[in-house]
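Now for the letters of each chain:
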Amino acid sequence: MTLDSRIDDLQLLIQTLPHPLQHALEKLSGEELLEVVLDLGRRPQARLPVRADDLADQAVNQADLAQVIRAVGEFGADNRAGIEGTLHRISAIRNRRGEVVGLTLRVGRAVSGTIDLIRDLIEDNRSLLLLGRPGVGKTTKLREIARVLADEFNKRVIVIDTSNEIAGDGDIPHRAIGSARRMQVAHPDQQHAVMIEAVENHMPEVIIVDEIGTTAEAVAARTIAERGVQLIGTAHGNTLENLLRNPTLSDLVGGVQVVTLGDDEARHRGTQKTISERKAPPTFDAVVEIVDHDEVIVHPDTSEAVDRLLRGRPVGGVRRTPAGETPVQTETQATDQTAEIVAPLSIADVEGTVRIYPYAISRDSLERVIRDLRLDARTINKPERAHLIVALRARADDARLRRIVQATGLPVHAVKKNSTAQMRRLLQNLFNMIHGVEESEVDAAVRETEAGLRRVLEEGVVVELAPRPASLRQLQHRVASRHHVVAESVGSEPKRHLVIYPHAFASLSDDDIL
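Here, residues in each chain are numbered from 1, in the same order as that chain's written sequence. With pLDDT at 70 or above as the cut-off, local features in this predicted model cover only qualifying residues; side-chain atom pairs require 80 or more to be listed or tallied, and sums for whole chains, interfaces and linings still use all residues. Side-chain measures here rest on the full set of heavy atoms in the structure, leaving out hydrogens and waters.

Chemist: What am I meant to see in the packing of helix α12 (residues 363-373) against helix α14 (residues 420-430) here?
Modeler: For any two helices packed against each other, one specifies the inter-axial angle together with the distance between the axes. Inter-axis angles, ranging from 0 to 180 degrees, are taken between N-to-C directions of lines fitted to C-alpha atoms, where helices are fitted over the stretch in contact. By the criteria applied, helices consist of DSSP H or I runs no shorter than four residues and strands consist of E runs no shorter than two, each listed in order from the N terminus. Their axes nearest at 9 Å, the elements α12 and α14 cross at an angle of 50 degrees. The pairing of α12 with α14 is recorded here as oblique in orientation. Crossing of α12 against α14: the hand is right-handed. Within the contact between the two elements, α12 uses Ser365, Leu366, Arg368, Val369, Ile370, Asp372 and Leu373 and α14 uses Thr420, Met423, Arg424, Leu427 and Gln428. Residues were grouped as follows: Ala, Val, Leu, Ile, Met, Phe, Trp, Tyr, Cys and Pro as nonpolar; Asp, Glu, Lys and Arg as charged; and all remaining residues, including Gly, as polar. Grouping the amino acids of the contact of α12 with α14 by side-chain chemistry returns 6 nonpolar, 3 polar and 3 charged. Each angle gets one of four labels, with under 35 degrees taken as roughly parallel, over 145 as roughly antiparallel, 65 to 115 as roughly perpendicular, and the rest as oblique. For a crossing to be left-handed, the near helix must be turned anticlockwise from the far one by less than a right angle; the clockwise case is right-handed. Contact definition: two residues touch when any of their heavy atoms are within 4.5 Å.

Here you go:
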């Protein structure tokens, strides 16, 4: 059996919609459709990778919803239905009376070549756990893995297909999984039982399961792995660190237990007496974090990666893209790289209200800090209209964020935690706010620093600034650091002042900035 490079049966999904919406979608030909959203009383929308388009000026009514419901299969206990012979998923939103008031028509596609970055792990007969945010392509990769192992490696593969998510609606599995067999799950609560039934009744060499999310399913996964069956699955969570913190699912990667060491052992290890350790061998040999459709982070040895995390060390791993693979940076390296994408920004250069695009942080919290500080600023939901981006440091290396920065040239300012305290400190720094100092003094110190920086960068000379109080020198240091030059405080109070050096002096040691 062969598979085209891309199968989506998109027309069959479009045909379930009212005719005016079908015609509107035809105008989007050539663009990748992710899903169609129909909510009662609102305009229908087509969602694309980077935007959402209204398909009509008229709001969705009950007749529109009823037409789609008649055209698709029966909804299960999880409020999901499908179209027989396709991979599309139709999900319902119901009101308190059980009536459907919204539908999400998700496009399901089979795409060959999606597992090239992790093919070696599958060929090695290793149990593999895939992590990643919704919509990043975990289920698409499972389909391709099933087909490759069944057709190219002639293995006995069984897909545990809850909600017909992997192999499509109907009794005949979609050709996307090749000759792999499919076991359907009548109710989501029974997924763990079907997993065990597959091993006991059908002698598989490989079991593939999507969305391991309960303790019972985690136990079933361990049982399967202990019987020598290769297990390929996905779980809720974006990263290995997230999963390890999840008490329900941490067993998939070995679990965590608290251990009390003796005095000698604690001294030998250089740790406290009470520490966290991995409880058992992991169910999955390797873990793959799917960052984007063409980027993954591979942890080839789950045991080693978990042990590093529990010892407070960087988790490591290997980043793979079509261009090749590179080791994942440590926290220090990641911080350095974050600094590289933070371009200098003077709030004084912005005319009017400063527009901030929050990335992976709470927009409500950021707006609350802005109100509390009475700043002339506001958050915005479109990066192309913003003056700057405030992002969570742990997400500073996201592929999506890097694409935004590349497209807009916006400066990125990172906070270590998603907390109002961190946001407050950052905004105070950006807006040059110092408690107890007159605004005119702050402005004068900033202007002097920026004038000195221009001389340093353009003429390559050393510039000494006027003596300032400690709080203003700290502000001057922050301004200088945005331009990646070396600055140090010299002299004794009250004549202590900042000296800025050109890049040729970059080997200088860091002195007390006060």
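Chemist: Could you clarify how one ought to interpret the pairing of strand β9 (residues 128-131) in this entry?
Modeler: Consecutive residues of a regular strand have side chains that alternate between opposite faces of the sheet. When a residue's accessible area, from a 1.4 Å probe over protein chains only, is under 20% of the maximum for its type it is buried; when over 50% it is exposed; and in between it is partly exposed. Of the two faces of β9, the one carrying Leu128 and Leu130 and the one carrying Leu129 and Leu131 are both buried. Sheet topology places β9 next to strand β13 (residues 230-235); 3 bridges connect them, and they run parallel. Opposite Leu129, over in β13, you have Gly233 as the bridge partner. With 4 bridges connecting them, β9 and strand β16 (residues 286-292) associate as parallel partners. Considered in β16, the bridge of Leu130 is made with Val288. Any two strands between which DSSP finds at least two bridges are classified as paired.

Chemist: So what exactly am I meant to see when it comes to unusual backbone geometry here?
Modeler: Negative phi is the rule for most residues except glycine; trans is the rule for most peptide bonds. The omega angle of the peptide bond from Glu493 to Pro494 is 5 degrees, so this bond is cis rather than trans. Here Pro494 is to be found in the loop between β25 (486-490) and β26 (497-501). Residue Asn154 is not a glycine yet carries a positive backbone phi of 55 degrees. With respect to the secondary-structure elements, Asn154 resides in the loop between α5 (138-152) and β10 (157-162). With a phi angle near 50 degrees, Met203 is a residue other than glycine that sits in the positive phi range. Locating Met203 in the fold gives a position in the loop between α6 (191-202) and β12 (206-212). Using a relative accessible area of 58% as the deciding quantity, one classes Met203 as exposed.

Chemist: Looking at this model, I keep getting lost on the side chain of Gln230. Mind explaining?
Modeler: Relative to the helices and strands, Gln230 resides in strand β13. What makes Gln230 buried here is its relative accessible area of 2%. Counted as a polar contact is a pair of N or O atoms within 3.5 Å, where, for protein atoms, one must be capable of donating a hydrogen and the other of accepting one, and residues adjacent in sequence contribute only when both atoms are in side chains. Looking at Gln230, its side chain comes within polar contact range of the main-chain oxygen of Arg126, at 3.0 Å. Separated by 3.4 Å, the side chains of Gln230 and Lys155 make a polar contact. Apart from residues lying up to four places away in sequence, Gln230 is in contact with Ile122, Asn125, Arg126, Ser127, Leu149, Lys155, Glu205, Val206 and Ile207.

Chemist: What am I meant to see in α6 here?
Modeler: Since the α-helix advances by 3.6 residues per turn, residues separated by three or four positions end up pointing in the same direction. The first and last C-alpha atoms of α6 sit 16 Å apart over 12 residues, in line with the 16 Å expected at 1.5 Å per residue. Among the residues making up α6, those that are buried are Gln191, Val194, Met195, Ala198 and Val199. Each buried residue of α6 sits inside an arc of 140 degrees when the element is viewed along its axis, so together they form one side. Those residues of α6 that are buried lie in contact with β10, β11 (181-185), β12 and α7 (215-226). The positive-phi residue at the C-terminal boundary of α6 is Met203, with phi of around 50 degrees. Each residue after the first adds 1.5 Å to the expected span of a helix. The arc in question is traced by the directions running from the helix axis to the C-beta atoms.

Chemist: Before we go on, may I ask you to explain the nonpolar core in this structure?
Modeler: The tendency in soluble globular proteins is for nonpolar side chains to be buried side by side. Buried residues of nine kinds, namely Ala, Val, Leu, Ile, Met, Phe, Trp, Tyr and Cys, make up a nonpolar core once their side-chain atoms join them within 4.5 Å. Counting 31 residues, the largest nonpolar core has Leu129, Ile160, Ile207, Leu252 and Val253 as its most contacted members. If we skip the residues at most four places from it in the chain, Val253 touches Leu129, Leu240, Leu243, Leu244, Arg278, Pro282, Val287, Thr302 and Val306. Grouped together as the second largest cluster of nonpolar side chains are 28 residues, Leu117, Val159, Ile290 and Val298 included.

Chemist: Explain the environment of His236 to me, please; I cannot follow it from the model alone.
Modeler: Take His236: it is sitting in the loop between β13 and α8 (240-244). Judged by its relative accessible area of 45%, His236 falls in the partly exposed class. Sequence-wise, His236 and Leu249 are 13 residues apart; in three dimensions their C-alpha atoms are separated by 8.5 Å. Ignoring sequence-local partners within four residues, the contact set of His236 consists of Glu211, Ile212, Gly213, Leu243 and Leu249.

Chemist: Just to check I follow, could you spell out the packing of α6 against α7 for this structure?
Modeler: Contact pair α6 / α7: the axes reach a minimum separation of 8 Å and the direction vectors enclose 15 degrees. When the axes of α6 and α7 are compared, the pair comes out roughly parallel. In the crossing of α6 with α7, the sense of the turn from one axis to the other is left-handed. Residue-level inspection shows Gln191, His192, Met195, Ile196 and Val199 of α6 in contact with α7, the latter providing Ala216, Glu217, Ala220, Ala221, Thr223 and Ile224.

Chemist: Which parts of the structure should I look at to understand the packing of aromatic side chains?
Modeler: Within a pair of aromatic rings, the relevant descriptors are the distance that separates the centres and the angle that separates the planes. Pairing of aromatic rings covers Phe, Tyr and the six-membered ring of Trp, with a centre-to-centre limit of 6.5 Å; geometry is then stacked below 30 degrees between planes, edge-to-face above 60, and tilted otherwise. One pass over the structure, following the stated rule, counts 0 aromatic pairs. Here, over-ring charges are defined by two tests on the NZ atom of lysine or the CZ atom of arginine: distance to the ring centre within 6 Å, and angle to the ring normal within 35 degrees. Its end group placed over the ring of Phe75, Arg94 keeps NZ or CZ at 5.8 Å from the ring centre.

Chemist: Help me out: how do you make sense of the confidence of the model for the protein in this one?
Modeler: Note that predicted coordinates carrying low pLDDT should not be read in detail. Overall, the prediction assigns the protein a mean pLDDT of 85, with 88% of residues at 70 or greater. Within the model, pLDDT remains below 50 along residues 330-345, and this stretch shows 27 contacts once partners closer than five positions in the same chain are excluded. How sure the predictor is of each residue is captured by pLDDT, a score from 0 to 100. Considering only residues more than four positions removed or in separate chains, one finds that residues 504-514, a stretch of pLDDT under 50, has 18 contacts.

Chemist: Before we go on, may I ask you to explain the sheet that holds strand β19 (residues 324-327) in this structure?
Modeler: Within a sheet, adjacent strands bond to each other through the backbone by hydrogen bonds, running parallel or antiparallel. The strand order β11-β10-β12-β13-β9-β16-β17-β18-β19 describes an open sheet built from 9 strands, whose pairing is mixed. In this open sheet, the two strands that pair with only one neighbour each are β11 and β19. Strand-to-strand twist across the sheet, computed as the mean angle between neighbouring axes with direction ignored, equals 20 degrees. Direction of pairing for β10 relative to β12: parallel, over a ladder of 4 bridges. Of the residues in β12, the one forming a bridge with Ile160 is Val209.

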